[in-house]
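Below, each chain spelled out in residue letters.
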Amino acid sequence: MKVTRLALALVLCAALPCLAQTLRIGLAEDPDVLDPTLARTFVGRIVFAALCDKLFDLDENLKVVPQLATGYEWSPDYKALTIKIRPDVTFHDGEKLDAAAVKFNLERHKTMQGSNRRGELAPVASVDVLDPATVRLTLSAPFAPLLAILTDRAGMMVSPKAAQAAGEKFSLKPVCSGPFQFVERVAQGHIVFERFANYWNKGAIHFDKVIYQPITDSTALLAALKTGQFDLIERMAPSDVPALKGDTRFRVAKIVEIGYQGITFNIGKSERAQKNPAGKDPRVREAFELSLDRDAIVQVAMSGEALAGNQWVAPTNSWYAKSVPIPKRDLARAKALLKEAGVPNASFTLMTPTTPDAQRVAQVVQAMAREAGFEVKIQSTEFTTTLNMADKGDFEAFVLAWSGRPDPDGNLFSHLACKQPLNYSGNCRADMDDLINKSRSTVDAAARLKLFEQIAAMEAKDRPIVYLYHRHWLWGYTGKLSGLRMIPDGLMRVQNLRMN
Amino acid sequence: MAAIASPVMATVPRELTPWQRALRRLVRRRGAMVGLALVIFFVAIALLAPWIAPHDPLGTSWSAVRKPPSAQYWFGTDEIGRDVLSRVIWGARASLLAGLVSVAISLSVGVPIGLAAGYLGRWADMLISRITDAMLACPFLILAIALAAFLGPSLTNAMIAIGIAATPVFIRLTRGQVLAVKVEDYVEAARAVGNSHLRIALRHVMPNIVAPLIVQATLAIAAAVIAEASLSFLGLGQQPPAPSWGSMLNTAKNYVDNAPWMAVWPGLSIFLLVLSFNLLGDGLRDALDPRHG
Amino acid sequence: MGDYLIKRLAAIVPTLFFVSVMIFGLQQLLPGDPAVALAGEDNDPNVVAYLRGKFHLDDPFPVRYWYWLDGVFHGDLGDSVRIQKPVTALILEKLPVTIELAVLAMTIALVIGISAGVVSAVLKDTKWDYAANIFALWGLSTPNFWLGILLILLFAVKLGWLPASGYVSPFEDLKANLAAMIMPAFVLGNAIAAVLMRHTRSAMLQVLSSDYVRTARAKGLDERVVVLRHALRNALVPIVTLGALQFGELLGGAVLTEQVFSIPGFGKLIVDAVFNRDYSVVQGVVLFTATAYITLNLLADIAYFLVNPRMRG
């Protein structure tokens, strides 16, 4: 009898793809809370991609595609969005994913204590269940970024039963509806997921287990890939790319991020803005921008692994305002502007987080600006402290990176609209606010782009933020791994990944 | 009166003071001498930096990013085109300062407190001892990190943080020596004669503790240089663009594959400097403690 | 002896009190508003307000300290805000890892340190003495993180003998666990070996010139026997008590080594918590390791006390 069973197993194994495969992913840092409502880091989203499916997803061109939803429809006045929900989807605990569950989740995102999704879903006034497979979101005003927002954590669905039962402790054992379910997590150690047998798209999953391990040191992370400890690593250091390029066992995948890296100036966040020439006088900021050679910055500081830019979206993005191109370096004009402003040796302090990227950029910028007469003082500050100081306006200039959101509004509104939480520059112009608000409620793409062009032109004149470049997301992976899709949000999807 | 010819003195071996005897023992220990020579070498480099560094340590050159050693750049260039040799030379200042200033802080705070604890006794001693125990019970690097984070990332703050975190060792050492000496006859005699506490502390107690303090201080300098490098690894030491071996090593570790010269020279320098202080400290301990001589 | 013991035990309470005040105070002094830091990228003002309320951040220092201390007496060390897990659970999770690393490091340190110390003492002032010295000292003379990276590049990348980093539970796979722990244990053990070598050398030199040993030599015993059986046994006592102290220090976390090798022990936990302003974690873990260290200290002293009179006799 034993032999028969063994034979049967072998036959079955030959007939079906025999899955004992584990996918090992190396992360550049440890994720935070594993609850989509409370989560607040980029790296957490990488893990969610395998654990929690969401209403919609993104493709390589940042187009919204269905995932847990099968379709959507805007009302004629764009104040209501009707979403059709995929039938036969269950959560990891067996509960059905229906309209009631979707309503529960959206309300949880909006009302739970400590929720980080509240701002994202603020324009959603109410959620109604039309039938078990249809929900309708009613908005207080047309809100163009909504669909894009539902492709991120705000669109992730957790099991209502599990959430209610676990309450505050839900994140210790999250229950979602993605291709993999939670097994265990050792903080800073590893996160283990195993295949969810009843996943609605199980044909696309070719791994039994996924294990994530954070390794904060980039040299050690690369070493772990090279020694076969990981199949895939994320956010490689730009300087490590040549090392892998030469090795035929591995590949490097790269794509321009949806975020940006730039220098934010305090032009009105606090009194400090008036105490330094760069904060006071837009001509000084113009001179500063003209003293920079963005291509050289990308070459030297990022080993070429970035794309120079001058707006909150990359030049390759469909929402980039082509009428506002990247200015070329012009030292002569920079010096002239400084002279005109009366400060031939303008000096200001550049608050720089102690991360390697920011430190390199700051040093390169300091050296370049010096050639125009600037005296940039680098003030290295621990990253956590920079957030605080920026929030209080206790800075003059700040090397700030933003991880990016799929809809350009996510890179624009909170940063440049008056008094918004991420508006560290203190930029406050009624005309720009007006345009930004209009751009949020304009659903027609062409009209929206025109608005962005106007905003970009305004921003480029005033320069509360001098955008510098958009990094490449850099993934290193074993050549045996196929099916990897590079999507600009930098998150790896596990669907259709296969080990050969 | 006829000048009296100076009498022929028999060559009597002069009585050597304990210090001179110790010095002799020190000189005989080869390891310590090598250590001393290296320390002097590095101090000289640090002092002469402005004259011997071939390039500006902060001078960047976009066309010379991560170039291997050549005639123009003897140690190669770093990730933004600066000369590694010049940065190593200037970095000697930061690393030596990290070692010397930290320990100076520890000594100037720790020794008086230790003296107070040992000499005053009773409540003062109890309070100081408990606080010292508490500081020693916290991991040294954690204390240093928390302090450096509190003060803000910079070389000066790193030195203060390391200095404070290393103080309890000196408090304990001083206190221990004071307690041992306090009961000696000559100290009791001095008190009987009416010397003030302060006078006794300075004239009788201090000379006895100098020896172990010197040894401990030398070894502490070695540890402090390492500590600065460790803090740099976490982004808390000397901040760019100013060079220090620790922060250079921290940046260079990401380029070990394609630009190993960036790491080799600062790494070797730290190693030699710390090794030499360790050798010197060990030699001093042997020399100053007759049981080992 | 009983007197001494009581005095030492009585000293523990005020010491721990100072530890708690010190580490609590340091945390609170760290610049920046922890609520903003923990609110993350989006900086939602609602989240910030919620966190401020939850962690009593608007209350004055002594009130906050009292809340925390009260929790400690009830066995509740608070929660990690970053991952919403109780600190006690985190400590229990990481304790075995830290202990294993400490034990392995101490073993390596004892082996290298004691043998180098014996060689150095017995063959004093010969080239073996210097060699042993340098051998033991080189571990103390290189920053941990640098040595760690060099070892990774050599043994993991170039030779492929060992994994680059990470940790596997010994209950899951003992071989993989040891393979992952050997390099970090070596990096840590190296530094301690130097300290142990020094003390072994001192203790051996002292014992070797003592009456006890002279008698043994006069009896005509083989030199090796003299050294190993008589001298070393006596010298071991102070060495072992020192070893216990070093072990206690290791419990405080091998901060940098764990960072480089990604070992999920106390060191990595504390450092990340300091930078993330996750106060409860730092306070809870440091209090725990300080208590362990003080206890080990006391045990070592008692052991020394107990063993000594008999030895001296």
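Rules used throughout
Along every chain, residues carry numbers that run from 1 in the direction the sequence is written. For this description, chains carry letters from A and ligands carry numbers from 1, given in the order in which they are written. Side-chain atom pairs in this predicted model are given and counted only at pLDDT of 80 or more, local residue features only at pLDDT of at least 70, and totals for whole chains, interfaces and linings cover all residues. The helix and strand labels rest on DSSP assignments: H or I over at least four residues marks a helix, E over at least two residues marks a strand, and numbering proceeds from the N terminus. All radius of gyration figures rest on C-alpha atoms, and the globule criterion is 2.2 Å times the number of residues raised to 0.38. Any residue whose C-beta has 12 or fewer other C-beta atoms within 10 Å is treated as exposed, any with 20 or more as buried, and any in between as partly exposed, C-beta atoms being built from the backbone. Remark: residues whose backbone-derived C-beta atoms lie within 7 Å of one another are considered to be in contact. Under this grouping Gly is polar, as are all residues other than the nonpolar Ala, Val, Leu, Ile, Met, Phe, Trp, Tyr, Cys and Pro and the charged Asp, Glu, Lys and Arg. Two strands pair if DSSP finds at least two bridges between them. Here the axes come from fitting lines to C-alpha atoms, over the contacting stretch only for helices, and the angles between their N-to-C directions go from 0 to 180 degrees. Each domain's extent is set by a domain assignment, obtained either automatically or from a database. As used here, a nonpolar core is made of buried Ala, Val, Leu, Ile, Met, Phe, Trp, Tyr and Cys residues. They are joined through C-beta atoms within 7 Å. Each helix crossing is assigned a hand: it is left-handed if the near helix lies turned anticlockwise from the far helix by less than a right angle, otherwise right-handed if that turn is clockwise. The predictor attaches a confidence to each residue, called pLDDT, with possible values from 0 through 100.

Let's shift gears to the overall build of chain B. A tally of regular secondary structure across chain B gives 10 helices and zero strands. Counting from the amino terminus, helix and strand elements in chain B follow one another as α-α-α-α-α-α-α-α-α-α. A globule of 293 residues ought to have a C-alpha radius of gyration of about 19 Å, yet chain B, at 24 Å, is considerably larger. Projected onto its principal axes, the C-alpha coordinates of chain B cover approximately 80 × 65 × 35 Å. With 293 residues in all, chain B has 54% of them scored as buried. Taking all contacts inside chain B whose residues are at least 6 apart in sequence as the whole, residues at least 24 apart take part in 70%.

Every contact between the two is made by 36 residues of chain A and, on the other side, 44 residues of chain C. Going through the elements one at a time, strand S10 (209-214), helix H6 (218-226) and helix H13 (383-392) of chain A are the ones with two or more residues in the side of chain A that touches chain C. Its residues assigned to classes, the side of chain A that touches chain C comprises 12 nonpolar, 17 polar and seven charged.

Below, the discussion takes up the environment of Phe140 of chain B. By the secondary structure assignment, Phe140 of chain B is in helix H5 (residues 140-151). Sequence separation between Phe140 of chain B and Tyr255 of chain B is 115 residues, and the spatial gap between their C-alpha atoms is 29 Å.

This brings us to the interface of chain B and chain A. Between chain B and chain A, the residue contacts involve 18 residues of the former and 20 residues of the latter. Split by residue class, the side of chain B that touches chain A holds nine nonpolar, six polar and three charged.

Once that is clear, we can look at the sheet that holds strand S4 (residues 69-74) of chain A. Residues and elements named next belong to chain A. What the four strands build is an open sheet, ordered S4-S5-S7-S6; its pairing is antiparallel. Every interior strand has two partners, whereas the edge strands, S4 and strand S6 (124-131), have only one. Within this sheet the neighbouring strands show an average axis-to-axis angle of 20 degrees, counted without direction. Where helix H3 (residues 99-111) meets the sheet, its contacts fall on strand S5 (80-85), S6 and strand S7 (134-139), and the angle it forms with S6 comes to roughly 170 degrees.

Okay, the domain arrangement of chain C next. Partitioning chain C into domains gives domain 1 (2-73) and domain 2 (95-275). On a C-alpha basis, the centroid separation for the pair domain 1 of chain C and domain 2 of chain C is 35 Å.

What follows is about the nonpolar core. Residues Ala144, Ile145, Ala224 and Val225 of chain B together with Ala105 and Ile270 of chain C are the most contacted members of the largest nonpolar core, which totals 268 residues. Here the element with the most residues in this core is helix H8 (residues 174-208) of chain C; it accounts for 19 residues. In terms of nonpolar packing, the next biggest core, distinct from the first, is built from 82 residues, Ile263, Ala314, Leu416 and Leu468 of chain A among them.

A few words on unusual backbone geometry. Pro241 of chain B follows Pro240 of chain B through a cis peptide bond whose omega is 5 degrees. For Leu62 of chain A, which is not a glycine, the phi torsion comes out positive at approximately 65 degrees. Assignment of secondary structure puts Leu62 of chain A in the loop between strand S2 (56-58) and strand S3 (64-66). Residues other than glycine seldom take positive phi values, yet Lys419 of chain A does so here, at roughly 60 degrees. The residue Lys419 of chain A is located in the loop between helix H14 (409-416) and helix H15 (430-441) in this model. The class for Lys419 of chain A is exposed, based on 10 C-beta atoms found within 10 Å.

All names here are of chain B. The contact between helix H9 (residues 245-252) and helix H10 (residues 261-288) brings their axes to 9 Å, and the two run at 145 degrees. Helix-helix and strand crossings are classified by hand; for H9 and H10 the assignment is left-handed. Only Met262, Ala263, Pro266, Gly267, Ser269 and Ile270 of H10 make contact with H9, whose side of the interface consists of Trp245, Met248, Leu249 and Ala252. Of the residues in the contact of H9 with H10, the class split is eight nonpolar, two polar and no charged.

Bringing the confidence of the model for chain C into the picture now. For chain C, per-residue confidence averages 82 on the pLDDT scale, and 96% of positions sit at 70 or higher. The least confident element of chain C is helix H10 (residues 223-251) of chain C, whose mean pLDDT is 72; the most confident is helix H5 (residues 87-122) of chain C, at 89.

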